Amino acid sequence: MTHATLGAGEMPKTVDSIQTSYMAQVRRRRLYGGLTLLIFVLLMVSGFNIADGRNAGGFWDGLGNIGDYPADVLSEAWEKRAALPGLMVKFFPALIETVNIAAVSTLIGATAGLVLSLLATRGLARWPRLIPVFRRVMDLMRAIPEIVIALMLIFVLGGGPVPAMIAIAIHTAGALGKMFSEVAENADLKPVEGLASTGATWAQRMWLGVVPQVAPNYISYALLRFEINIRASAILGFVGAGGLGYELRNAMAWGPGRFGEAAAIFILLFGTIVAFDQLSSRYRNRLTEGYGQ
Amino acid sequence: MTAADLSLTKAHADQLFRRKRLAAVAVPALILGYFAYIFVAFNIAGLAQRANWDNAVTLASDSWSYKVHVTRSNRTGAMDYAVEGERKGAYPEGQRPGWVTGEDILTVDLGSDTLVRLLPDNRTEVQVPGFGLIEAQAVGRQVTTNLGANVPDWISASDRRVAITSPEGRVTITGSKTEVFNYFPGWELFWFTFESPYHGHSLTEILFGARIDPTRANISGAVQDWWNNPMWRHKDVVWAIGETILMAFLGTMGAAIIALPMAFMAAKRFAPFALLRGATRRLFDFLRGVDALIWTVVLARAFGPGPLTGALAILITDTGTFGKIFSEALENVDGKQIEGVSSTGAKPLQRYRFGVIPQVVPVLLAQILYFLESNTRSATIIGAITGGGIGLMLTQAIQTQKDWEEVAYYIILIVGMVMAMDWFSGWLRGRLIGRKDG
């Protein structure tokens with residue numbers, strides 16, 4: 001960048017002129033940097049004011065009350081602490097359902113994402129002309145928020161885990177497909193060529209030539225997705241798709257008197273998310289560092 | 001290499017192969033077993049009975065079509081013509097659709113020779129090709145028909161209510177009213193409702209034609225009427241999308257601003273006190289682990305529903321996530337640059353500014369921009385819970401279970417919004433990080 005402005009090939013510059021042009025450049029950069037910062041700060045402040053104005057309660061009024069609800073829940077849960085283990089056992093099936101939704105949708109989504117990614121990767125695709133089509137399909141699957149599909153499916157299929165499962169699986173397929181395809185682009189093509197020379201079909205070339213190379217990365221991404229999907233499945237439960245989120249909404253709708261249940265669900269959800277985060281991050285570390293050696 | 005060595009290696013290899021073969025069978029078997037368990041646990045076999053296919057048909061057909069209701073009150077004999085049966089879509093007084101003719105006997109032409117005649121004395125005749133004439137009369141709260149005991153499945157008849165569904169439309173007769181639905185493809189009144197003087201005028205007429213509404217210029221008047229369209233509520237929709245993007249923007253940027261200084265406290269290289277480091281890390285884990293759902297629920301109690309609550313929920317969750325990512329990035333910085341800067345006599349703050357920040361900025365920016373895009377999607381979902389943005393409008397439209405064309409409209413907008421944010425964050429990433437390299 002500096003070389004260009006100094007103008008190579010012109011008359012030799014004196015130190016002074018170099019310095020002034022350098023200082024001018026620094027000033028310009030500072031000006032631009034300052035302007036960008038100013039615009040950013042303005043955006044943040046005005047954005048905050050708009051959001052504050054359109055909120056039902058104001059930020060500054062609510063700030064003092066922020067601890068009220070947790071305090072209410074905690075104090076009631078503390079009073080009823082003897083019942084807490086019982087409540088946790090009661091909601092355990094809902095927790096299993098939430099985790100199951102996440103696990104199945106990750107499995108289905110990762111499988112679909114695997115196929116889509118191979119179909120959308122240059123050099124590997126079965127039908128190279130259709131690469132843009134599969135890419136757009138993945139973009140679309142990624143762009144649709146889970147809640148959209150979940151709500152429509154709840155309308156058709158009724159409440160329960162299946163709408164959430166399908167909704168999360170579709171989003172997972174799109175999201176993982178994109179990441180998988182980025183990994184597959186760097187795969188070594190020699191095994192594929194070797195297999196092709198033996199007359200292997202496309203599926204065989206992919207399964208035996210590409211998948212073993214990319215499997216550690218793919219599993220690592222899929223595990224990361226599983227973590228995200230547990231959260232997503234809890235949230236979708238809140239809009240009627242079963243599992244822990246659904247129970248949470250019911251417990252909350254009752255308000256005081258049922259805070260013990262809300263607390264039990266909070267603890268279960270928090271514990272599950274943290275536990276799976278830790279588990280998957282440990283396993284992912286092992287995958288990326290390689291194991292057995 | 002001796003023979004003994006070889007046989008040992010072979011034994012090892014055999015063992016390895018056995019293990020791999022076992023895994024090759026066991027892993028798919030396990031997954032299959034899991035799916036079988038899910039099949040039972042989620043009661044997928046019972047799904048077909050629970051599913052309401054009529055709803056699916058309504059959803060699929062209503063999302064790209066609209067219906068015009070022709071309603072006769074069987075009490076007063078008053079006629080009503082309205083798009084989707086809504087007051088906002090009612091035809092102005094004295095006007096009616098062109099496919100309704102006649103004065104004393106109204107003939108509603110549904111198309112393909114399917115005719116509905118509304119006769120005096122609350123009588124209704126429905127002529128369906130290939131079936132014949134159906135006659136019905138509303139008397140008090142009863143409905144009498146000429147239908148016998150055997151009616152086809154597209155007619156449901158009782159002495160209180162008769163519903164006839166033909167491919168061209170629907171007729172419902174009860175004691176109080178006779179309703180005829182006529183279906184058309186498209187999104188009616190998307191631009192202007194009947195109240196607007198611009199309804200029924202083409203784009204070229206509005207742009208280049210004579211002044212339609214004498215008090216306003218054509219273009220500004222048309223834009224104003226479109227913007228305030230009571231059926232499609234374009235103004236509210238645009239605001240809602242703005243709110244959703246605002247939630248994502250405020251949440252992501254606020255989280256980044258808060259997480260950056262805290263990340264220094266959590267990075268081994270910059271935080272000498274193990275206790276402080278551990279506490280900061282646990283705080284990040286806690287913020288992340290509680291999850292946006294619970295934060296939304298808790299914050300909604302303090303701040304009430306609205307975009308600010310959603311923004312704060314995203315902010316708090318992402319502070320945890322960013323804190324973790326940023327502190328990992330900070331731990332991987334190259335020490336040489338910091339040494340170089342400190343050799344010039346730089347103070348600690350200057351060392352961070354010129355030795356550390358330039359190294360981590362590309363990583364951080366890439367993460368922030370990626371989250372900005374992903375949070376647009378989260379904000380849609382959080383909005384549905386906390387009551388703000390396009391997520392809420394979508395949920396409400398779905399819950400009313402009739403405005404499926406609006407649902408389709410919102411879905412298209414949401415997908416467009418997410419894709420635009422995806423493109424924008426990619427473009428900005430290229431500009432900001434690319435400039436650093438160039």
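Computed from a predicted model, the values in this text were never measured in an experiment.

### Description of the interface of chain B and chain A
Between chain B and chain A, the residue contacts involve 63 residues of the former and 61 residues of the latter. Across the chain B to chain A interface the summed buried area is about 5700 Å²; carbon plus sulfur atoms make up 77%. The interface formed by chain B and chain A holds 4 salt bridges in total. Of the charged contacts, one joins D422 of chain B and R142 of chain A as a salt bridge, the two residues approaching to 3.7 Å between their closest N and O atoms. Here chain B is connected to chain A by 12 residue pairs in polar contact (both at pLDDT 80 or more).

### A short note on the packing of helix α12 (residues 259-289) of chain A against helix α7 (residues 274-303) of chain B
Across the interface, α12 of chain A lies against α7 of chain B with an axial gap of 9 Å and an inter-helix angle of 140°. In terms of axis orientation, α12 of chain A runs oblique to α7 of chain B. Crossing of α12 of chain A over α7 of chain B shows right-handed handedness. Counting all contacts with α12 of chain A, which are made through F266, L269, F270, I273, V274, D277 and Q278 of chain A, the residues of α7 of chain B involved are D285, F286, R288, G289, V290, D291, L293, I294 and V297 of chain B. Split into classes, the residues belonging to the contact of α12 of chain A with α7 of chain B amount to 10 nonpolar, 2 polar and 4 charged.

### Examining the side chain of T121 of chain A
Mapped onto the fold, T121 of chain A is located in the loop between α5 (84-119) and α6 (131-143). If we skip the residues at most four places from it in the chain, T121 of chain A touches I131, S181, A184 and E185 of chain A.

### Topic: the sheet that holds strand β1 (residues 65-73) of chain B
Residue and element names in this part refer to chain B. Ordered in space as β2-β1-β12-β11-β10-β9, the 6 strands form an open sheet in which the pairing is antiparallel. The sheet is open, and its two edges are formed by β2 (79-83) and β9 (155-157), each paired on a single side. Adjacent strand axes in the sheet meet at a mean angle of 10°, parallel and antiparallel pairs treated alike. The pairing of β9 with strand β10 (residues 161-166) spans 3 bridges and is classified as antiparallel.

### Description of the pattern of salt bridges
Two side chains bearing opposite charge may form a pair once their charged atoms approach each other closely. Per the stated rule, a full pass over the model turns up 17 salt bridges over all chains. Across the pair D285 of chain B and R282 of chain B runs a salt bridge whose closest N-O atoms are separated by 3.3 Å. A residue pair is termed a helical-turn pair when its members lie 3 or 4 positions apart in one helix, as D285 of chain B and R282 of chain B do in helix α7 at 3 residues. R282 of chain B gets classed as exposed once you look at its relative accessible area, which sits at 53%. Here E373 of chain B ties to R377 of chain B by a salt bridge, and the two come within 3.0 Å at their closest N and O atoms. Taken together, the residues span about one helical turn, with E373 of chain B and R377 of chain B both in helix α10 (residues 348-386) at a distance of 4 residues. Considered together, E373 of chain B and R377 of chain B belong to a single accessibility category, that of buried residues. Here the salt bridges do not stand alone but share partners, grouping R231 and D277 of chain A together with R282, D285, R288 and D291 of chain B into one network.

### Quick word on the domain arrangement of chain B
Here chain B is partitioned into domain 1 (1-51), domain 2 (66-185) and domain 3 (234-437). Taking the mean C-alpha position of each, domain 2 of chain B and domain 3 of chain B sit 55 Å from one another.

### Observations regarding unusual backbone geometry
Residues and elements named next belong to chain B. Positive phi outside glycine occurs at N43, with the angle close to 50°. Note that N43 resides in the loop between α1 (3-41) and α2 (47-50). Despite not being glycine, D291 shows a phi value in the positive range, around 75°. As for its placement among the helices and strands, D291 is situated in helix α7.

### Description of helix α5 (residues 218-227) of chain B
Taken as a whole, α5 of chain B has its buried residues at N218, G221, A222 and D225 of chain B. For α5 of chain B, the arc enclosing every buried residue in end-on projection is 100°, short of the 170-degree limit, so these residues lie on one face.

Parameters and conventions
- Residues numbered from 1 in each chain as written.
- Chains lettered and ligands numbered in written order.
- Predicted model: local features only at pLDDT ≥ 70, side-chain atom pairs only at ≥ 80, totals over all residues.
- Heavy atoms only, no water.
- Contact = heavy atoms within 4.5 Å.
- Buried area = accessible area lost by both parts, 1.4 Å probe.
- Salt bridge = Lys/Arg side-chain N within 4 Å of Asp/Glu carboxyl O.
- Polar contact = N/O pair within 3.5 Å; in protein donor to acceptor, adjacent residues only side chain to side chain.
- Axes fitted to C-alpha atoms, helices over the stretch in contact; angles between N-to-C directions.
- Helix = DSSP H or I, 4+ residues; strand = E, 2+ residues; numbered from the N terminus.
- Parallel < 35°, antiparallel > 145°, perpendicular 65-115°, else oblique.
- Left-handed = near helix turned anticlockwise from the far one by under 90°.
- Nonpolar A, V, L, I, M, F, W, Y, C, P; charged D, E, K, R; others polar.
- Pairing = 2+ DSSP bridges.
- Buried < 20%, exposed > 50% of the residue type's maximum accessible area, 1.4 Å probe, protein only.
- Domains from an automatic or database assignment.
- Arc of directions from axis to C-beta.

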